[in-house]
Structures are given as structure tokens and as C-alpha cells.
Amino acid sequence: MLLFSPYLLIRKLRAPVRYYVPLEDYLILLLVIAFSSSGVVALLKIDSLHVYEVFSAIIFFSELPQLIFFEAMHIVAFSLLLFLLPFTRVTHYIAVLFTHLVLWDDRDAGVVQELSSARSSRVRWANCANPELSWEEIARR
Amino acid sequence: MKLSDFARKEGKLADLESGLMELPEPYGKISDRISHLKEAEGYASDLDGIVAVDLKWRPKGEEEEKELVSRFLKGLEKLLDWEANWTFLYPLKLSLDYCTRCKSCSNACHVYLGSGKKEIYRPTFRAEVLRRLVNRMKGNLRAKFSGDIEVNARLILRLAELAYRCNLCRRCTQFCPLGIDNGLITREIRKLFSQELGVAPRAIYESTEKQFRLGSSAGIKPEAFRNIVRFIEEELYERTGKRIRIPVDEKGSEILLIHNSGDFLSRIENVMAFAVIFEEAGVDYTLSSEAFGYDAVNYGAWFDDVQLSRIALRHAEAAVRLEVGKIVVGECGHAHKAMIALADRILPEDCRIPRESCIPLLEELVRKRLNIDSSRNDFAVTLHDPCNIVRNLGIVEPQRRILRRICGQFREMEPSGVYNYCCGGGGGLAVMNSLNFPEFRNKVSARMKFSQILKAFRDSLGPNSRNIVVAPCSNCRSTLRDLFEHYKAKEICGIGYCGLAELVANSMVEYAPFVEF
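A quick note: this is a predicted structure, and the numbers were derived from the prediction, not measured. (Residues numbered from 1 in each chain as written. Chains lettered and ligands numbered in written order. Predicted model: local features only at pLDDT ≥ 70, side-chain atom pairs only at ≥ 80, totals over all residues. Heavy atoms only, no water.)

### Looking at the overall build of chain B
Each helix and strand counted, chain B has 24 helices and 8 strands in total. Here chain B has a C-alpha radius of gyration of 23 Å; the compact-globule value for 517 residues is 24 Å, and the two agree. Projected onto its principal axes, the C-alpha coordinates of chain B cover approximately 70 × 55 × 40 Å. A fraction of 78% describes how many contacts in chain B between residues 6 or more apart in sequence connect residues 24 or more apart. Surface exposure of chain B reaches about 18,100 Å², of which carbon and sulfur atoms provide 47%. The centroid of the 76 positive side-chain charges in chain B is displaced by 4 Å from the centroid of its 71 negative side-chain charges. (Helix = DSSP H or I, 4+ residues; strand = E, 2+ residues; numbered from the N terminus. Rg over C-alpha atoms; globule rule 2.2 N^0.38 Å. Contact = heavy atoms within 4.5 Å. Areas by Shrake-Rupley, 256 points an atom, 1.4 Å probe, with all protein chains shown as cover. Lys, Arg positive; Asp, Glu negative; His and termini not counted. Charge placed at Lys NZ, Arg CZ, Asp CG, Glu CD.)

### Quick look at the domain arrangement of chain B
Residues and elements named next belong to chain B. According to the domain assignment, chain B consists of domain 1 (5-199), domain 2 (206-362) and domain 3 (371-506). Taking only C-alpha atoms, the centre of domain 1 and the centre of domain 3 are 28 Å apart. Listed by partner, the interface residues are 39 residues for domain 1 and 37 residues for domain 3. Where domain 1 packs against domain 3, one counts 0 salt bridges. (Domains from an automatic or database assignment. Salt bridge = Lys/Arg side-chain N within 4 Å of Asp/Glu carboxyl O.)

### Overview of the packing of aromatic side chains
On inspection of all chains with the given rule, the structure shows 24 aromatic pairs over all chains. Each ring, one from Phe83 of chain A and one from Phe87 of chain A, has its centre 5.8 Å from the other, and the planes form 55 degrees; the classification is tilted. Side by side, Phe83 of chain A and Phe87 of chain A carry an identical accessibility label, which is exposed. Judged by centre distance (5.6 Å) and plane angle (25 degrees), the rings of Trp82 of chain B and Tyr90 of chain B are stacked. Taking the ring centre of Phe440 of chain B as reference, the NZ or CZ of Arg165 of chain B above it sits at 5.3 Å. The residue whose ring lies beneath Arg314 of chain B is Phe292 of chain B, and the NZ or CZ to ring-centre distance is 5.8 Å. (Phe/Tyr/Trp six-rings, centres within 6.5 Å; stacked < 30°, edge-to-face > 60°. Buried < 20%, exposed > 50% of the residue type's maximum accessible area, 1.4 Å probe, protein only. Lys NZ or Arg CZ within 6 Å of the ring centre and 35° of its normal.)

### A closer look at the pairing of strand 1 (residues 255-258) of chain B
Walk down a regular strand and you will see the side chains alternate between the two sheet faces. Residues and elements named next belong to chain B. Side chains Ile255 and Leu257 of strand 1 all project onto a buried face; the interleaved residues Leu256 and Ile258 project onto the opposite face, where all are buried too. Bridge analysis of strand 1 against strand 2 (residues 285-286) gives 2 bridges, and the strand direction is parallel. The residue of strand 2 that forms the bridge with Ile255 is Tyr285. Pairing of strand 1 with strand 3 (residues 326-329) involves 4 bridges; the strand directions are parallel. If you follow Leu256 over to strand 3, its bridge partner there is Ile327. (Pairing = 2+ DSSP bridges.)

### With respect to the side chain of His384 of chain B
All names here are of chain B. As for its position among the elements, His384 is in the loop between strand 5 (380-383) and helix 18 (387-390). In this structure His384 comes out as buried when scored by relative accessible area, which is 0%. Within polar-contact distance, the side chain of His384 engages the side chain of Lys449 at 3.0 Å. Discounting chain neighbours no more than four positions away, the residues touching His384 are Met413, Asn420, Tyr421, Cys422, Cys423, Lys449, Val469, Val470, Ala471, Pro472 and Cys476. (Polar contact = N/O pair within 3.5 Å; in protein donor to acceptor, adjacent residues only side chain to side chain.)

### As for the nonpolar core
All names here are of chain B. Ranked by size, the top nonpolar core spans 90 residues in total, and within it Phe6, Trp57, Val129, Leu133, Tyr164, Phe193 and Phe440 carry the most contacts. At 7 residues, helix 7 (residues 153-162) tops the list of elements feeding residues into this core. Counting residues in hydrophobic clusters, the runner-up holds 57 residues, among them Ile220, Val283, Leu370 and Leu500. (Core = buried A, V, L, I, M, F, W, Y, C linked by side-chain atoms within 4.5 Å.)

### A few points about a nonpolar patch on the surface
All names here are of chain A. Where nonpolar side chains cluster on the molecular surface, the patch consists of Phe55, Ile58, Ile59, Phe60, Leu64 and Ile75 and spans about 610 Å² of accessible area. By the secondary structure assignment, Ile58 is in helix 3 (residues 48-60). On the basis of relative accessibility, which here comes to 45%, the residue Ile58 falls in the partly exposed class. (Patch = residues over 30% accessible without salt bridge, like charges linked within 9 Å, V, L, I, M, F, W, Y side chains within 5 Å.)

### Focus: the confidence of the model for chain A
Per-residue pLDDT for chain A has a mean of 82; in total, 91% of the residues score no lower than 70. Per-element confidence in chain A ranges from a low mean pLDDT of 75 for helix 5 (residues 90-95) of chain A to a high of 90 for helix 4 (residues 69-84) of chain A. (pLDDT = per-residue confidence, 0-100.)

### Some words on the interface of chain B and chain A
Listed as interface residues are 52 residues of chain B and, on the opposing side, 35 residues of chain A. Among the residues of chain B in contact with chain A, Trp86, Arg101 and Phe145 of chain B are the three that bury the most area, contributing 16% of the side total. Counting every contact that joins chain B to chain A gives 4 salt bridges. Linking chain B with chain A are 18 residue pairs in polar contact (both at pLDDT 80 or more). Listing elements by their share of the side of chain B that touches chain A, those giving two or more residues are helix 2 (62-79), helix 3 (89-98), helix 5 (123-138), helix 6 (140-146), helix 9 (182-197), helix 15 (305-322) and helix 16 (333-346) of chain B. When grouped by side-chain class, the residues that make up the side of chain B that touches chain A number 20 nonpolar, 10 polar and 22 charged. (Buried area = accessible area lost by both parts, 1.4 Å probe. Nonpolar A, V, L, I, M, F, W, Y, C, P; charged D, E, K, R; others polar.)

### Points about the sheet that holds strand 2 of chain B
Residues and elements named next belong to chain B. The sheet built from 4 strands is open, its strands ordered 2-1-3-4 with parallel pairing. Two strands in the sheet have a free side with no partner beyond their single neighbour: strand 2 and strand 4 (355-357). Across 3 bridges, the pairing between strand 3 and strand 4 is parallel. Note on strand 4: the bridge partner recorded for Val328 is Glu356. Contacts from helix 16 reach strand 1, strand 3 and strand 4 within the one sheet, and its direction differs from that of strand 4 by about 145 degrees. (Axes fitted to C-alpha atoms, helices over the stretch in contact; angles between N-to-C directions.)

### Description of helix 5 of chain B
Residue and element names in this part refer to chain B. Between its first and last C-alpha atoms helix 5 spans 23 Å; for 16 residues at 1.5 Å apiece the expected length is 22 Å, and the two agree. Where burial is concerned, most of helix 5 is hidden: 13 out of the 16 residues are buried. Looking one or two residues beyond helix 5, the residue adopting positive phi is Gly139, at roughly 130 degrees. (Expected span 1.5 Å × (residues − 1).)

### Digging into the pairing of strand 3 of chain B
Of the two faces of strand 3 of chain B, the one carrying Lys326 and Val328 of chain B and the one carrying Ile327 and Val329 of chain B are both buried. At this point the chain moves from strand 3 of chain B, through helix 16 of chain B, to the parallel strand 4 of chain B, and the crossover so formed is right-handed. (Right-handed = clockwise from strand over helix to strand, strands pointing away.)

### A short note on a negative patch on the surface
Residues and elements named next belong to chain B. The grouping of Glu63, Glu64, Glu65 and Glu67 at the surface amounts to a negative patch. Looking at where Glu63 falls in the secondary structure, it is placed in helix 2. Residue classification places Glu63 among the exposed residues on the basis of a relative accessible area of 61%.

Now the structure itself:
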């Protein structure tokens, strides 16, 4: 993550890719870089006992030991990532593994009714609109 | 080039006079020059000098420009509204929302690669323009955060042209890690222009209009069709010495076979081949001489939902009136998609007749009912996979099993199957022959396909060779015909083309070879 995220960021800052990338994409990438880099720095500065104490405090809601700046940054960045992730496209990489569970069956009554209702709605496009006619009626003309 | 240049930059955005992808030998040193039309003639040609939308619709003043922008934005609203655009709204919205701009689609796109990697031909470039227009519609804050673009007449004219630089082949979708459908986005842009502004290339619009007025997109009226069928029977007798009756309008048959009507004019060997195969195999089938019943074409699949639904319904109604068991679609790729896949969304319950591809049927006949001599097809053969048959319908293996059975020298193109490149004529580009558009097709969109063909036959190229590209799609054959004529492929490399049924008929023991390659 620490090696690949900066590469992605540099790639998204260079032409022509940067002409396509919206601001929201940079936000997630910066959070990932903040999360991974602060984690590595924090690990270098603290010992494993401190890590155990922090985790225990988070899990069992007990008193947190004194955090260094990079630890706090790591926790905040991770929390923000967890919060934002469901609103991003990254979730699709997980959800795509389960799409086989969502079966599209045209024989299902709900879909048939929905399509039947759609066909009876009016065609509103300016070049083919006749306010009296539905999609099915125009198709049969 | 920035996306904002699409609306602001004057002059052409891509120069197609140089920098195209290099072709393999013996064409490596040929430089293709594209002739350009002057903008003063009134066509919107400042995208890349090529004109696809051959209407003089450039606005003539500020008032007309404002009206164009206003109508376009109304159309854009309808594109994202369920009631107005229920047909493909969900996959469109998903494709607009989920793109990560990774550009995997670009390196999969034959138009982008063939052009020499010109920026405007990236699948995601076109999609991103639409995406930013949609962001604008949702509000200025959203636009600033997620991407913005200026809306003006220049952008609209260019977007209409850019929508016809895509073959709708879905190779980009095949390679996209998220399955974003840039082909669908392009097709929806075309729909917006057609259904709201009444703008579409004349060739595809007028073919559809001819279908309604005369009965077929090729302009063949029902009476003329019946005469052509009689002519084909006579021609078959002359070539094979056998009397073969082609049944027409026979009620209660098991199969209604519908060809692309262009084959009755420009490639009757394909129709003859089917007649010979079905006669020998004892298939209970019929053609129809009713309007729409003898023309599988449905150009609405490329640009207009209303036309798509009207034509699909008429195909089904012709079959229902003949009381056939099912429709079998002949060798026509887009008709496969329109009739077999898309029509599922459109046909009401009383018209839900089974629709199938001819290819698995041919495979079954070759395997079980025909006497085949593969030495009759003793020349180099490769297969062009039509996009609509492999990628859009998943019919990949049956045609290969047929070719392995009937040809001794069958070799695959690289890549093949669902990864095959489009012929360059998909999405309507095959039938758009006005102004300088054929140059774009021959030199840019079909470039990758020509490169594939040359590489597939690299060990047998030569003026005295016979190298045949099998293309089980009528429009692909038209594109290959024009492509080979443009590059003199037959004279220089001995390359020709044919349909799948023709090669099957050529290998049948009971009949003297009658197919001219």
C-alpha cells in the first residue's frame, strides 16, 4: 500500500490522466497514503507492548495510553477511510465477488410487471413524442 | 489535450494525417492520408476532419446556438429519467458512476490504438464528457468536486461526431476491471441526439426509414424479394445442377430464417449456401416475403430505442403470423443482438417467440446431418469473430468446431474469441459511406483488424495465394470488402472473405463447389 499508493498518486497527477481525475479520487488516495505512511512511522517509534495497550484500550473501552502524533494520525485516517469507503468505488472490488448471488430472472413476476408498466409509459422524447401514445403504442404504429 | 479543450479549443482536436498505427508487412511503409472537408461547407468537421453526421446542422447565430444547447440539456435530463429512458437506465447510471479512470479500456480499444493513440478516441474520453455534463446538471458544487465542462454549441456538435467514432463493440467493457460499459454510454449519447434533436447519420436513419416504407433496409420490396428468391433458385440450378426449392411464406414451419437483406443484393452466395445446407439436412424452414420478414436488420439497436422497438416487434409479428416455431437469425451480428438479446426487454407477451442464432444450428447440422469433405476447403482460413455474436451473446465455440471440421488449414487470429477486435464497421460504421467517412473506417477503425488478418496469414501472403477470412456477419463482410479493396489485399496478398455457411456448403460432398471467393 505504501509503495503503490504514491505511484498511483503520481500517475493521477501527470497528464493526460490528471485531466480525467476528479477531486474526490485524490481524497481517498491521500487518506490511504496518510494511513499507510503514518502506520509505518508509528511502528518504528513505538514498541509492541504499547501497540497491545492501544488495541486493548480500543477494544475494551479502557483508558488509552498516551499516543504519539503518528499513531493518532493513523487511527484518524483509518476511521475516515472506513467511513468513506462504502461511498467509493473501492467497495465494488468486494461486492463484485458476490454478484453471482443476485440473479436476473426475466420470468420473475416483478420484473415482468415493471417492464410492462414501463412499456405503457409515454414516449417523452421531442423527436418522437406523441403525447397520446405510449412506448408500446408507438412501437406498434 | 484536456477535457475542457473539447468545448473551448478551436480547430481540429486530432490530426489523422499522420501518426496512425503501423501496419505489418507488406504495408508497413504505406502512409495513409485522409482527405478533409472544409468547415465552411456547413458540416461539423472540427473534431478530426471526418464527417459522420452528414447533416448541415451547425447553428447559424447566437440564438440558434442557445436553442441547440437548451434542447440538448432537455435531452440529457430525459436520458437520466426512468420514464423517458427505462430501457438502459440502470447500466448507464452504473457506468457513469463507477469509472475509476484507470484507462484499461483505452489499451483495449482498436480505434484508439489504430489512430496512433489520439486522446479523443479513448473510450473514457467520450464517457467523461458525458459524465461531466451530468455532474453539471446535478449542480455546481458537484461539478467542481467531480469534474466540470462548459456546455456550448461547439461541444454538442463535437460530441455528436465523437459518438460515431465508436463501434459499440464492448471490447472496452470486456477489459474493464469493473465492467463499465463505455459502448453503452456512446450508444446513449447517439440516442439523445436522435430521439431529442433528430440528428443521426443519414445512412442509418434513411435505411430505417426505407425499412418502414418499402419493407427492407436495402430497399427491396416484397414483390422484388419473391423475384430475387426465384432468381436464386435458378442460379443454384445453374451452379450445382440440382433443383433446390427455397420455401417462402410456408405457415407452420419449424423455423423462420431471416437474413440481412443486403445479402440478397450483394452476397447471394450466403443465401444460396443456407438453402443448400437446409435442403440437404432436411430442415423444416421458411423465408417470409412480408415486409420486415425478410430483413433481419434493426439499425435502431445502434442509435434509437423507438426504432429498435418498432422493428423488433415487426420481426416477431411476422413470425407469429406465419405460426413458426422459432426465428433463426442468419449471418448478421447486430441482428443477433437486437433480435435475441435486446428484444427480450421490448416484446410484449403475445410476441415472445423464441429467437436463436444460426451458428449453433449450423454446427449441429455439420456434426450430425451433412457429409463433409474438408479437402474442398484446402486453403488458409481464419475466423473473424463478430462482436455482437461473441462478446454480446457469448457464442464462441460452435463456429470454431465447424471450421475445424470443414477446413484443413484453419488458424486463429490473435487475439480471438471474446478478445477479438472489431472489424471496424460495427455500430453502423459499416453502412456510413457518405462524404469522407469511409476513410476513417478503412484507415483507422478497421486498421487493427487488418493488422490481425495480415499476421494470421503471415506465412501464406502473396498474389497467388488464397487466404480466406470467414466472417459470419453481413456488415463485417461489407467492411472487409471495402477494407480489402482499399488496400488491394486480394491483388497483393491473396486475401478474400466469405460467410460461414458458404464454406460449409463448399465442403458438402453432394454438391459441386459453387461459391466464388
